[in-house]
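# Geometric and topological summary
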2 protein chains.
Amino acid sequence: MSGLRTPEELEAELRRIGAERYHSNHPFHKLLHGGKLHKDQVRAWALNRYCYQRIIPIKDARVLARMEDVEMRRVWRQRIVDHDGEIGDAPDGGLRRWLSLAVGLGFDADYVRSTRGALPATKFACEAYVNYVSRRSLLEAIASSLTEMFSPQIIKDRVSGMLANYDFITPDILRYFTHRLSEAPRDADWALAYVREHARTPDAQETVLDALRFKCDMLWAQLDALYLAYVEPGMIAPGAWRPGEGMARIEAAA
Amino acid sequence: MSGLRTPEELEAELRRIGAERYHSNHPFHKLLHGGKLHKDQVRAWALNRYCYQRIIPIKDARVLARMEDVEMRRVWRQRIVDHDGEIGDAPDGGLRRWLSLAVGLGFDADYVRSTRGALPATKFACEAYVNYVSRRSLLEAIASSLTEMFSPQIIKDRVSGMLANYDFITPDILRYFTHRLSEAPRDADWALAYVREHARTPDAQETVLDALRFKCDMLWAQLDALYLAYVEPGMIAPGAWRPGEGMARIEAAA
């Protein structure tokens, strides 16, 4: 259980945790990719996940602030570029692409940005992630990013499944994911190499495994909240988005 | 909407938020008090709510640390005494009484204390509360305690309903709540008087109302998570408690 693992054993254990706990296993994702959701349920997903997208560059900045080594910071900074866009270029980056996705589904951009329609449970999970990378060791903060190891497959399933199954989904709406297909593996390779090299004691390896479990938990909790509110039994928390709210005027008039 | 309210109008608005959003309205509570849950569902509630009980004296210490006035600190400190017990006396206090409740339902005390079976969403909500009182203004931190205005009624409903409806519930198991019936109104009276006196601008009053909404949200999110996992559709997050786990040996052998 808590003996020292070789780097290969550690990686195998990380992959086992991903196979068991990554949110690709969640019933909500199976419904999403399989075309089983109606448009308002897909909207709820896009609206809530904006909260997660919103905190990614913030959590990456928290991690960046903890790195003493300039070379590490140069590597890690690319994540912030990916999500916020290059300085001075035309508006770009993952966060804006996610906003486009939500707007493509009919939302008013300001409503999405305000996060006031998001489920409280979504916000709490995202906040926990920012706190996690701020308070735990740098090794744990980096290890918590390792869900990227498992994201290319879920993204491929999502893009092909959503394009095939929903007439309101276009390649342009899903542009966020095509970018992530090249970004995520590069990030995951670096983080995995770092963790393999720096988790050199049984205790450090346990913290790494727990970091990945934590990250899987926070992703899972977001889909749990969506499921309860918008799939079954349809219990929407007071104040959270209800179908019809927060739409752009052109959609509201349609 | 954002004009200056009289203290009476502010209090009325706080009571309106409570009437709409306090977790006494949540379907899980209606099932709990109405005798509609089986023993494992009541156990799940006790196990998860331990996470909330656990952070109450911690959040109160965070608030205490922000008070410059010795008289305010002397008043607020009583909350920590209520939950942790008097210094040097026999083990006592609300947190231990909640642990007794969980043990009375069959749990191993160490399992409950570890919080490892609690739902991730429960932990995220509780963490958000500690962060809230640490980062927001002192006025907002105090206002977030105002859910105590509404707790006497829910406690009366809970104690009478659970005693009447469950043969595994005894007055001794529910001892936590009989203490809270005298503690909560005293705390709520002080906090309400403070908020009425110190929320003197429209903006300050809005932050107070938002603080109560936040607190209602974090309580509601805990019941949402219980409902999804243990009532309907019964989706228990990976790693969270499953019936049969974490029982004291005497119960496991029965």
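Since we're looking at a predicted model, the values are computed, not measured. (Residues numbered from 1 in each chain as written. Chains lettered and ligands numbered in written order. Predicted model: local features only at pLDDT ≥ 70, side-chain atom pairs only at ≥ 80, totals over all residues. Heavy atoms only, no water.)

Counting secondary structure elements, chain A contains 12 helices and zero strands. Listing each helix as α and each strand as β along chain A from the N terminus yields α-α-α-α-α-α-α-α-α-α-α-α. Taking 18 Å as the expected radius of gyration for a compact globule of 254 residues, we find that chain A reaches 18 Å, a close match to that expectation. When its C-alpha atoms are laid out on the principal axes, chain A stretches across 60 × 45 × 35 Å. Summarising the internal contacts of chain A: among those between residues at least 6 apart in sequence, 80% fall at separations of at least 24. (Helix = DSSP H or I, 4+ residues; strand = E, 2+ residues; numbered from the N terminus. Rg over C-alpha atoms; globule rule 2.2 N^0.38 Å. Contact = heavy atoms within 4.5 Å.)

Rotating chain A by 180° and moving it 0.0 Å along the rotation axis overlays it on chain B with an RMSD of 0.0 Å. What the rotation and shift describe, once combined, is the action of a two-fold rotation axis. Residue Phe124 of chain A, judged by its C-alpha, is the member of chain A lying nearest the rotation axis, at 2.7 Å. Residue by residue, 100% of the interface of chain A is reproduced at the interface of chain B, so both copies engage with the same surface. (Least-squares fit on C-alpha atoms with pLDDT ≥ 70 in both.)

The final tally for this structure, using the stated rule, is 32 aromatic pairs over all chains. Taking 5.9 Å as the distance between ring centres and 85° as the angle between the ring planes, the aromatic pair formed by Phe124 of chain A and Phe214 of chain B counts as edge-to-face. One end of the pair, Phe124 of chain A, is in helix H7 (residues 120–135); the other, Phe214 of chain B, is in helix H11 (residues 202–230), on a second chain. Plain terms: the ring middles of Tyr230 of chain A and Trp241 of chain A are 5.8 Å apart, the flat faces sit at 50° to each other, and that makes the pair tilted. Placement of Tyr230 of chain A in helix H11 (residues 202–231) and of Trp241 of chain A in the loop between H11 and helix H12 (249–253) is noted, with a sequence separation of 11 residues between them. (Phe/Tyr/Trp six-rings, centres within 6.5 Å; stacked < 30°, edge-to-face > 60°.)

Residues and elements named next belong to chain B. Helix H5 (residues 94–104) packs onto helix H4 (residues 70–84) with a crossing angle of 30° between their chain directions and a minimal axis gap of 4 Å. Between H4 and H5, the angle is such that the two are roughly parallel. Touching Asp82, His83 and Asp84 of H4 are Gly94, Leu95, Arg96 and Arg97, all from H5. Tallied by class, the residues present in the contact of H4 with H5 amount to one nonpolar, two polar and four charged. (Axes fitted to C-alpha atoms, helices over the stretch in contact; angles between N-to-C directions. Parallel < 35°, antiparallel > 145°, perpendicular 65-115°, else oblique. Nonpolar A, V, L, I, M, F, W, Y, C, P; charged D, E, K, R; others polar.)

To continue, consider the interface of chain A and chain B. Contact residues are listed per partner, giving 24 residues for chain A and 24 residues for chain B. Summing both sides of the interface, chain A and chain B together bury roughly 2200 Å²; the carbon and sulfur share of this comes to 69%. Its largest share of buried area at the contact with chain B, chain A owes to Phe124, Met235 and Pro238 of chain A, together 28% of the area lost on that side. Taken together, the connections running from chain A to chain B amount to zero salt bridges. Across the chain A-chain B interface, the total number found is four residue pairs in polar contact (both at pLDDT 80 or more). (Buried area = accessible area lost by both parts, 1.4 Å probe. Salt bridge = Lys/Arg side-chain N within 4 Å of Asp/Glu carboxyl O. Polar contact = N/O pair within 3.5 Å; in protein donor to acceptor, adjacent residues only side chain to side chain.)

Before going further, it helps to spend a moment on H5 of chain B. Residues and elements named next belong to chain B. For H5, the set of buried residues is Gly94, Leu95, Arg97, Trp98, Leu99, Leu101 and Ala102. Residues of H5 that are buried make contact with helix H3 (39–64), H4, helix H6 (109–114) and helix H10 (175–198). Where H5 ends, the next residue or the one after it, Gly106, has phi of about 110°, a positive value. (Buried < 20%, exposed > 50% of the residue type's maximum accessible area, 1.4 Å probe, protein only.)

So, on to the confidence of the model for chain A. Of all residues in chain A, 97% attain a pLDDT of 70 or more, and the chain-wide mean is 95. In the predicted assembly, ipTM is 0.91 and pTM is 0.93. (pLDDT = per-residue confidence, 0-100.)

Here the focus is a positive patch on the surface. Judged by side-chain charge, Arg62 and Arg135 of chain A together with Arg62 and Arg135 of chain B come together as a positively charged surface patch. Structurally, Arg62 of chain B is set in helix H3. (Patch = residues over 30% accessible without salt bridge, like charges linked within 9 Å, V, L, I, M, F, W, Y side chains within 5 Å. Areas by Shrake-Rupley, 256 points an atom, 1.4 Å probe, with all protein chains shown as cover. Lys, Arg positive; Asp, Glu negative; His and termini not counted. Charge placed at Lys NZ, Arg CZ, Asp CG, Glu CD.)

With that settled, consider unusual backbone geometry. All names here are of chain A. Going from Glu232 to Pro233, the amide bond is cis rather than trans, its omega being 0°. By secondary structure assignment, the location of Pro233 is in the loop between H11 and H12. Of note in the backbone geometry, Thr115 takes a positive phi value of approximately 60° without being a glycine. Residue placement: Thr115 occurs in the loop between helix H6 (109–114) and H7.

This brings us to the side chain of Arg21 of chain A. When you line up the elements, Arg21 of chain A lands in helix H1 (residues 7–21). Here the side chain of Arg21 of chain A touches Asp217 of chain A through a polar contact of 3.2 Å, side chain to side chain. Among residues more than four places away in sequence, those in contact with Arg21 of chain A are Arg213, Cys216, Asp217 and Trp220 of chain A together with Pro238 and Gly239 of chain B.

Opposite charge on two side chains lets them pair, provided their charged atoms get close. For the coordinates displayed, the defined rule picks out 40 salt bridges over all chains. Residue Glu20 of chain A is joined to Arg16 of chain A by a salt bridge in which the shortest nitrogen-to-oxygen separation is 2.8 Å. Placement of the pair is Glu20 of chain A and Arg16 of chain A together in helix H1, with a separation of four residues, close to one helical turn. The residue Arg213 of chain B makes a salt bridge to Asp210 of chain B at a minimum N-O spacing of 2.7 Å. Note that Arg213 of chain B and Asp210 of chain B are positioned in helix H11 at a spacing of three residues, about one turn of the helix.

Checked against the element boundaries, Pro171 of chain A lands in the loop between helix H9 (151–165) and helix H10 (175–198). Taking C-alpha positions, Pro171 of chain A is 8.1 Å from Val159 of chain A, a pair spaced 12 residues apart along the chain.

What follows concerns the packing of helix H5 (residues 94–104) of chain A against H10 of chain A. All names here are of chain A. Two elements in contact, H5 and H10, have axes separated by 8 Å at closest approach and are oriented at 150°. The pairing of H5 with H10 is recorded here as roughly antiparallel in orientation. For the pair H5 and H10, contact is made by Gly94, Arg97, Trp98, Ser100 and Leu101 and by Arg175, Tyr176, Phe177, His179 and Glu183, respectively. Among the residues forming the contact of H5 with H10, the class breakdown is four nonpolar, three polar and three charged.

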